[in-house]
Amino acid sequence: MDYQALADLLFPEITGTIGDYEAKYPPRNLPEGAVVTRIAPSPTGFVHLGNLYNAIGERLAHQTGGVFYLRIEDTDQKREVEGAVEAVIDAMNFYGVHFDEGVTKDGESGAYGPYRQRQRKTLYQTVAKALLLRGLAYPCFCTEEDLAKMHEEQEAAKENYGYYGKYAIWRDRPMEDIKAELQKGTEWVLRFRSEGDPANMIPVQDGIRGELKVQENYTDFVLLKSDGIPTYHFAHVCDDHFMRTTHVIRDESWLATLPIHVQLFDTLGWQRPVYCHTATLMKMDGSSKRKLSKRKDPELALSYYSEAGVPQEATWLYLLTVLNSNFEEWHMANPDADSRAFTFSLEKMSTSGSLFDLEKLDNIAKEYLSRQSADFVYDGLLTWAKTYDTALAERMQQKEALYRGAVAVGRGGEKPRKDYGSWSAAAKFLSFYDADTFEITDACPENADGDKRNAILDGYLETLDFADTQEEWFAKVKTLTESLGYAVQPKKYKKNPELYCGSIVDVTNLLRVAVTGRQNAPDLWEISHVLGEAETRRRLKDYRNG
Ligand code: GLU
């Protein structure tokens, strides 16, 4: 076969060489050990947790004086959605992940672009032509039906799937056959001519998993699709080489095709990047573990967290807990330190399906929010509400003092309250403070209902004095409890229930329902002082029977 003739026949317009690109994209001038990495999402409009998870590369790049960039893998035009690039950039910004180069909202920046794959067609075709010239690529004119038939035959014969051996029917076809098909206008793809032997095991160093041994690739996989656009495999190798990526951090689902990638790097004589295959995010479904699914699990979408208003730092705290085995310990030792102060390392990353647990995230977020100042909470809630609950945002601005007071309740001290782990939960939790959203949701405790209800409420209203200290206030509650035949010590009531109407728990729960609508609420005295005397008295009166 005259490879030059074949290469010119297939790519007449390609005149450059790989050398031209080597010169155009020289090795980066960075300090020793600097990590150059990227995220490379497809512009489908769906920004998921995995994107943020792999954006951990930003930490590695910036910890080492390297570069973190954004590449858009838009080879599948059908899946492209308008505004998807902005969505990725906004989502990453929201989490404090900033790119040094790559695609931007209004174009791109950096010397290693273009950073959108569809704009790199000439580069891919130049590399493809070079492979053709070496006899390492060939056109394949198989139709979808041909390939489906091949797949069936392989299934029936219990053979490995793929285009190889006797199934690789275009691998050694003469030039006349190729010309004839081209003349007919038959569509073709460009395949790699693999010389790999499945008996060979190739060592690959994985930054997270250590040394892997992968079976050498023996299939003639597709380099360029019929529209001349590369497959992920070919584009990944060309891009990460010419963008001088040192670390490819990606989901472990790519381990299956890793043999193809290393084969390409090795064949082209390019230095392989350090592959870092991150553990797929899993969740418990009943008693079994499964991959988080776009269709079934809303929590896979990053927008889920911004809509729910999980504070960004809490999301990071959780992700780092899942990602790095030594993070939790570090965080316990440095509870108030920003997670950015933690030195992230690949070796400490988990290698098997990370269990994603919303409840654990919520606990981390509650703990995190409980440590923040009232001002932080007020500002965070207001910012969230401006986008996701505008009615709340308005109320917060109209009644700023009330809301500032509300978020301050139970804050500070040894054991701050952990009532909410997200802004949406805070909105719900705090709703009773505001007369506009106050509602009675819990029942009156049975032992304090009936004619006792008014007696308790009236007695309480009578002695209620906003000038009292918390101790004085509580002493009065105890006196009232006793005078109405309730046990001040719940234990005593439990022992001899026939001697009492109930215990102090019934009395205070009744008061709590009257003032907050709920039996479970923070300290009544503190709440009353946030509400103010008039509102507190109004609620207590309103709760009287009849
Ligand atoms: N476009 C690929 C994906 O979204 C990128 C994988 C990679 O980082 O190489 O899965």
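As a starting point, this report considers the structure included with it. (Residues numbered from 1 in each chain as written. Predicted model: local features only at pLDDT ≥ 70, side-chain atom pairs only at ≥ 80, totals over all residues. Heavy atoms only, no water.)

Digging into the pairing of strand E1 (residues 36-39)
Burial of the side chains of E1 extends over both faces: Val 36 and Arg 38 are buried on one face and Thr 37 and Ile 39 on the other. Bridge count between E1 and strand E2 (residues 67-70): four bridges; the pairing is parallel. From the neighbouring strand, Thr 37 faces E2, where its bridge partner is Phe 68. (Buried < 20%, exposed > 50% of the residue type's maximum accessible area, 1.4 Å probe, protein only. Helix = DSSP H or I, 4+ residues; strand = E, 2+ residues; numbered from the N terminus. Pairing = 2+ DSSP bridges.)

Side note on the sheet that holds strand E9 (residues 222-224)
Strand pairing in a sheet relies on backbone hydrogen bonds, with the paired strands running either antiparallel or parallel. Pairing within the open sheet is antiparallel, and its three strands lie in the order E5-E6-E9. The open sheet has two free edges, formed respectively by strand E5 (137-140) and E9, since each of these has just one partner strand. Sheet twist, expressed as the mean angle between neighbouring strand axes with direction ignored, is 45°. Sheet topology note: the strand E6 (residues 189-192)/E9 ladder contains two bridges and is antiparallel. Pairing of Arg 191 across the sheet is with Val 222, part of E9. (Axes fitted to C-alpha atoms, helices over the stretch in contact; angles between N-to-C directions.)

Here's the deal with the sheet that holds E1
An order of E1-E2-E3-E4 is seen for the four strands of this open sheet, with the pairing classed as mixed. Lying at the two open borders of the sheet, with one neighbouring strand each, are E1 and strand E4 (107-109). When strand polarity is set aside, the average angle formed by the axes of neighbouring strands in this sheet is 20°. Pairing analysis gives three bridges linking strand E3 (residues 101-104) to E4, with the strands arranged antiparallel. Along E4, the bridge assignment pairs Thr 104 with Gly 107. Across the sheet, helix H5 (residues 84-94) lies against E1, E2 and E3, angled at about 120° from E3, the strand it touches most. (Contact = heavy atoms within 4.5 Å.)

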